Amino acid sequence: MNGVTSLWSYLSTTPLTWLTATVLAYLAADAAARHLGNAPWANPVLFSVFLVAPVLWLTGTDYATYFEGAQFIHFLLGPATVALALPLWDNRDTIKRSVAPILLALLAGSLVAAGSAILLARAFALPTEVILSLAPKSTTAPVALGISEAVGGIPTLTAVLVILTGIIGAVTVTPLMNLLRIADWRARGFAVGVAAHGIGTARAFQVNEVAGAYAGIAMALNALLTSLIVPVFVRWLM
Amino acid sequence: MLPTLGLLLGCQLFGEVAARGLSLPIPGPVLGLAALILILWTNPPVAETVRTTVGVILANLSLMFVPAGVGVIGNLDVLSGDWFALLIILVASTLLSMLAAVATFVGVSRLIERRSE
């Protein structure tokens with residue numbers, strides 16, 4: 001019994017356990033999503049979270065301990081963002097021809113994302129710091145946290161809202177675009193990248209390579225634009 | 001695989017240094033992305049060197065959001081009494097943003113095509 005206890009005290013604290021758990025949960029989630037024909041609701045991020053979270057809860061493991069292992073995967077977000085350069089490069093000819101739609105759709109998507117969030121939150125009479133935390137929700141997490149802090153929001157709340165936005169965008173984009181009968185993969189990908197950052201981009205790559213490339217452009221450009229417009233919007237709309 | 005990883009990390013490091021050094025409001029990895037495009041521009045064969053590894057990374061982009069996603073579960077209490085309003089706002093705002101972007105993209109594309117005909 002003592003041996004089991006000391007073995008568990010090793011396993012529960014070593015980063016290896018939670019790194020392995022994260023990879024295995026993702027492999028199972030991804031296999032399940034494929035098995036379901038990559039249905040919109042079968043989101044690999046969502047499925048993985050639903051697999052890992054109960055294990056942490058049942059074993060009484062706190063997030064800090066989990067993250068000691070999971071940070072190695074979290075860290076890969078940086079190199080993965082750099083890697084988006086390749087699909088952009090591959091699609092350079094079509095991108096050059098669609099500079100105008102890209103820039104105008106960026107402006108429209110970005111303004112509506114931040115503006116509608118602030119106005120809706122005001123309509124619901126949410127507390128000021130909650131509205132400020134909500135405003136940058138459509139941009140990639142590190143940028144959103146920086147903006148939230150700068151305008152007086154709560155970064156932890158922003159982190160949760162950003163991830164939820166990503167999952168909502170990834171789950172709704174396919175049904176929405178099919179409903180609207182949008183056949184242009186550039187437009188479909190761009191829309192989800194601008195509204196739902198990296199998680200939306202991951203969904204786009206799951207569906208179509210061109211959509212993924214355009215989602216990547218949208219995410220990168222929106223990181224820049226949102227950090228410029230949210231401080232202005234906050235002054236106007238609050 | 002390793003040369004690609006070295007190149008990606010090198011570009012990111014360059015991006016982080018540039019973003020901090022010039023205090024730009026752009027995240028380091030996004031500047032790193034721009035740096036890699038410049039490298040591909042000046043040296044196109046690099047594209048084939050990195051293709052396999054980059055393909056694996058981008059096909060599994062969802063994996064990298066799992067640690068942050070798990071963090072959300074533990075922090076759901078920050079949504080407190082506002083969770084229902086916040087959920088409605090997130091869904092509505094995300095759909096509106098996608099609608100605005102896709103309508104603009106398709107509209108402007110059609111306008112340009114019609115003009116060039």
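The structure presented is a predicted model; accordingly, all values stated were derived computationally and were not measured.

## Quick look at the packing of helix H12 (residues 185–207) of chain A against helix H5 (residues 83–116) of chain B
For any two helices packed against each other, one specifies the inter-axial angle together with the distance between the axes.
1) Next: Two elements in contact, H12(A) and H5(B), have axes separated by 8 Å at closest approach and are oriented at 145 degrees. Helix-helix and strand crossings are classified by hand; for H12(A) and H5(B) the assignment is right-handed. Seen from H12(A), the contacting residues are A:Arg186, A:Ala187, A:Arg188, A:Phe190, A:Ala191, A:Val192, A:Val194, A:Ala195 and A:Ala196; seen from H5(B), they are B:Thr94, B:Ser97, B:Met98, B:Ala101, B:Val102, B:Phe105 and B:Val106.
2) Next: In terms of residue class, the contact of H12(A) with H5(B) is made up of 12 nonpolar, two polar and two charged.

## Some details on the interface of chain B and chain A
1) Next: Each side of the interface is counted separately: chain B has 62 residues, and chain A has 91 residues.
2) Next: Those elements giving two or more residues to the side of chain B that touches chain A turn out to be helix H1 (2–21), helix H2 (28–42), helix H3 (46–59), helix H4 (66–74) and H5 of chain B.
3) Next: Among the elements that line the side of chain B that touches chain A, the one with the most residues is H5(B), at 21 residues.
4) Next: Residue classes in the side of chain B that touches chain A are distributed as 48 nonpolar, 12 polar and two charged.

## Brief notes about the domain arrangement of chain B
Interfaces are often sized by the amount of accessible area the parts lose when they come together.
1) Next: Under the domain assignment, chain B is made up of domain 1 (1–59) and domain 2 (66–117).
2) Next: Between the C-alpha centres of domain 1 of chain B and domain 2 of chain B the distance comes to 27 Å.

## Here's the deal with the domain arrangement of chain A
1) Next: Taken domain by domain, chain A consists of domain 1 (2–75) and domain 2 (82–237).
2) Next: Spacing between the C-alpha centres of domain 1 of chain A and domain 2 of chain A amounts to 27 Å.

## Examining unusual backbone geometry
A negative phi angle characterises most non-glycine residues, just as the trans form characterises most peptide bonds.
All names here are of chain A.
1) Next: With phi around 55 degrees, Arg181 is a residue other than glycine that occupies positive phi space.
2) Next: The topology assignment puts Arg181 in the loop between helix H11 (155–179) and H12.
3) Next: Exposure remark for Arg181: the 6 C-beta atoms within 10 Å place this residue in the exposed category.

## Notes on the confidence of the model for chain B
1) Next: Taken residue by residue, chain B gives an average pLDDT of 93. The fraction at 70 or more is 100%.
2) Next: Here the prediction assigns the complex a pTM of 0.91, and the interface score ipTM is 0.92.

Calculation criteria
- Residues numbered from 1 in each chain as written.
- Chains lettered and ligands numbered in written order.
- Predicted model: local features only at pLDDT ≥ 70, side-chain atom pairs only at ≥ 80, totals over all residues.
- Axes fitted to C-alpha atoms, helices over the stretch in contact; angles between N-to-C directions.
- Helix = DSSP H or I, 4+ residues; strand = E, 2+ residues; numbered from the N terminus.
- Left-handed = near helix turned anticlockwise from the far one by under 90°.
- Contact = placed C-beta atoms within 7 Å.
- Nonpolar A, V, L, I, M, F, W, Y, C, P; charged D, E, K, R; others polar.
- Domains from an automatic or database assignment.
- Buried ≥ 20, exposed ≤ 12 C-beta atoms within 10 Å, placed from the backbone.
- pLDDT = per-residue confidence, 0-100.

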